[in-house]
Amino acid sequence: MSTWFNYEASLKILFFGLLLGSGLPALFALAVRAGAAGAGTIEASDGPAVGHKNPALTALSWVVYSVALVAVVIGVLYIARDFIGVHTGVYILGAKPA
Amino acid sequence: MNLQLFLLIIVVITALAFDYTNGFHDTGNAMATSIASGALSPKAAVTLSAVLNLGGAFLSTAVAGTIAKDLVNGHLVTLQLVFAGLVGGIVWNLLTWLLGIPSSSSHALVGGIVGAMIAAVGGHGVIWTGVVSRVLIPALVSVALAGLVGAVGTWLVYRLNRGVPEKRSEAAFRRGQIFSAALVSLAHGTNDAQKTMGVIFLALISYGAVSRSAALPPFWVIFACACAMALGTYTGGWRIIRTMGKGLVEIKSPQGMAAESSSAVIILLSAHFGYALSTTQVVTGSVLGSGVGKPGAEVRWGVAGRMATAWLITLPAAGLVGAITYWVVHEIGGYPGTIIGFALLVATASAIYLRSRRTKVDHNNVNAEWKGDLTAGLDEADQPTVTVGAGAPGRNGEVTDVAPGTASAKKAGMS
C-alpha cells in the first residue's frame, strides 16, 4: 500500500462492488425477467409476445425477489451492527465489542 | 458568562447549522434518482430520507475519528478555529447549493478548517500528505469506482431485461428503487451525522465540559445533530436534486436502481475496508455510470465538468472563507470578534437565500425538463422558449455556451 493511494482497499472495493453493487441490480433484473416470462409477456426479437403463462417462472421470480430483499435486510443489519451489539450483546456481521 | 463559554455556545450553534446544510445538500445523494424516475413523489422522497437519516444518526455508537484528525495538528485547534472552519463549510455548502452543484460537505468542512489553520499558525499546522491522501485522491477513486460499478450494473440490467415490456420493467424497478434509496439514506445518516457530533464533541472536550476519555458525546449532542440533519434533509436541496436527477443523465428507474445499489454498496464497502470515500462523489460517479451503461443514453458531460471544477475549488474556496473568518474573529478578538464573525455568517447566508428565491427550485418544478441549466425555463413559462436548442445547445449551463436567446432569457430570470 502506498502512502498516497490505498491500492489494496480500492481493489477490494472494486471487486466486491462489482459483485454486490452491479450484481444485485442484475439479480433484480433477472427476477423481473422471470416474472415477465412467467406471465408470457416477453417479446421475441422478431415478433410479439408468445403468451404462454408459466407458473414455475413466476414462482422463480418471487424467489429471486426474496433473495434481493434479504440482501437489503443484511445491508441494514450491517449498518446497525454496532448499535445492535451495544444494546443487545449480540455481535453480528463482524461487529466488535468495544 | 466567560468568553470561552460564549464561544462554545456559538460553535455548537454553528455546528448544528452546518449539520443542517449537510442534510439538505445531501438529500439528492439518496433521493435524486428516485425522484427523477418517478419512483417516489418529491415530498415522499424527502420525508423517507429524513426519517432514515434521523434513524441512521441514532445508530452511531462511536464518533467517527474527528474529521480533521489526520489533516491538521490537533494540538493547535482552538474554538475560534473550529468556528471559522465551520463558517467556511457552511458558506461553501450554501453557494454550491445556489448553483445546484452537488459538492462534498466533508470537503467543505475540511477546507474551512485547513484554511482557518493556515490563517492561525501558517501552513505547518496542516498535515498536507493527509489532505492529499485522505481527501483529494479518494475523491477521484470514488468517482472512478462508482462509475464503473454503476455502468456495469446498468448494462447488465438492460441486457437481462431485453424483451421485457418497458412498462413492466419500469414499474418493477420503481419499487426496487425505494429499497435501494432507503439503504443510501440510512448509510448517509450513520456516516455524516457523526461528523458534526465529532466537531461538537471536540469543542466540548477542549472547553472541559466533557472528559477526554469519554467514548460517546452526551445524548443531547446526538439528539441535536440527528434532528438538525433530518430537518435539513426534509427541507430538500431541490436545486441539487435537480442537477443530480435531471441535469447529469435523464434517469429511468432501472438506471436509478443500478446507480443507488452501486452507491449503497460502495459507501458500505469503503467504511468496511477503512477507506473513507465521500458520499457525494460516490453517488455522482454512480449516476454518471448509469448514463454510460445504458445503451443510447446521453450523459451531459458539460454538467459533469462543471461539478468537477466545483470539487477542485471546494478546498481552496472554503479554506479562504475559513481563513477570513478566523482573521476577523481573532484580530478583533473577544466578544465583538465572535459576534461580528457570526453576524457576517448570518448576513451571507441570508443573502444567498434571497438570491435563491429569484428563481425558485422546489418540489413542484424539480423534475421539469432540463433546458441547458439549473433554472432555465423554470420561471418563464409565459416566455417563448424557441431559442433553447437552437444553435449551440447550451448543455453545460454556462452562459458563454448557450445560444444568445437563451442567455437573455436566463438573464431575465436570474438578475
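Our structure's up above, just so we're on the same page.
Values in this document were obtained by computation on a predicted structure and should not be read as measured data. (Residues numbered from 1 in each chain as written. Chains lettered and ligands numbered in written order. Predicted model: local features only at pLDDT ≥ 70, side-chain atom pairs only at ≥ 80, totals over all residues.)

Bringing the overall build of chain B into the picture now. Across its full length, chain B holds 13 helices and 0 strands. Helices and strands appear in chain B in the N-to-C order α-α-α-α-α-α-α-α-α-α-α-α-α. By the burial criterion, 58% of the 415 residues in chain B qualify as buried. (Helix = DSSP H or I, 4+ residues; strand = E, 2+ residues; numbered from the N terminus. Buried ≥ 20, exposed ≤ 12 C-beta atoms within 10 Å, placed from the backbone.)

In this complex, chain A contributes 38 residues to the contact, which on the side of chain B involves 42 residues. Residue assignment for the side of chain A that touches chain B shows that the elements contributing at least two residues are helix H1 (7-38), helix H2 (55-79) and helix H3 (81-88) of chain A. Ranked by residues supplied to the side of chain A that touches chain B, first place goes to H1 of chain A with 20 residues. Grouping the constituent residues of the side of chain A that touches chain B by class yields 26 nonpolar, 8 polar and 4 charged. (Contact = placed C-beta atoms within 7 Å. Nonpolar A, V, L, I, M, F, W, Y, C, P; charged D, E, K, R; others polar.)

Turning our attention to helix H6 (residues 166-207) of chain B. Residues and elements named next belong to chain B. Compared with the 62 Å implied by 1.5 Å per residue over 42 residues, the 60 Å span of H6 between its first and last C-alpha is a close match. Within H6, the axis deviates most sharply at Gly-189, by approximately 25°. Most of H6 sits inside the fold, with 31 of its 42 residues counted as buried. Looking one or two places after H6, you find Gly-208, whose phi comes out positive at around 100°. (Expected span 1.5 Å × (residues − 1). Bend = angle between axes of the 7 residues up to and from the residue.)

Attention shifts here to helix H3 (residues 79-98) of chain B. Helical geometry note: an α-helix holds 3.6 residues per turn, so side chains three or four residues apart project in the same direction. In a regular helix each residue adds 1.5 Å, so 20 residues correspond to 28 Å; H3 of chain B covers 29 Å between its end C-alpha atoms and thus fits that length. Burial within H3 of chain B is extensive, with 19 of its 20 residues counted as buried.

Below, the discussion takes up the packing of helix H1 (residues 3-37) of chain B against helix H8 (residues 238-247) of chain B. Each pair of packed helices can be described by the angle between their axes along with the distance between the axes. Residues and elements named next belong to chain B. At a minimum axis distance of 8 Å, the contact between H1 and H8 shows a crossing angle of 40°. As judged from the angle between their axes, H1 and H8 are oblique. When you trace H1 past H8, the crossing you get is right-handed. In this structure, H1 uses His-25, Thr-27, Gly-28, Met-31, Ala-32, Thr-33, Ile-35 and Ala-36 to contact H8, whose residues at the interface are Ile-240, Ile-241, Met-244, Gly-245 and Lys-246. Within the contact of H1 with H8, the residues separate by chemical class into 7 nonpolar, 5 polar and 1 charged. (Axes fitted to C-alpha atoms, helices over the stretch in contact; angles between N-to-C directions. Parallel < 35°, antiparallel > 145°, perpendicular 65-115°, else oblique. Left-handed = near helix turned anticlockwise from the far one by under 90°.)

What follows covers the nonpolar core. Grouped together as the largest cluster of nonpolar side chains are 143 residues, with contacts concentrated most on Val-11, Val-82, Phe-83, Ala-116, Cys-225 and Ile-266 of chain B. Broken down by element, this core gets its largest block of residues, 16 residues, from H6 of chain B. In this structure Ile-266 of chain B touches Ile-13, Gly-17 and Gly-21 of chain A together with Leu-145, Ala-146, Val-149, Leu-277 and Val-282 of chain B, once residues within four positions along its chain are discounted. (Core = buried A, V, L, I, M, F, W, Y, C linked by C-beta atoms within 7 Å.)

Everything listed is a geometric property; what it means functionally is a separate question.
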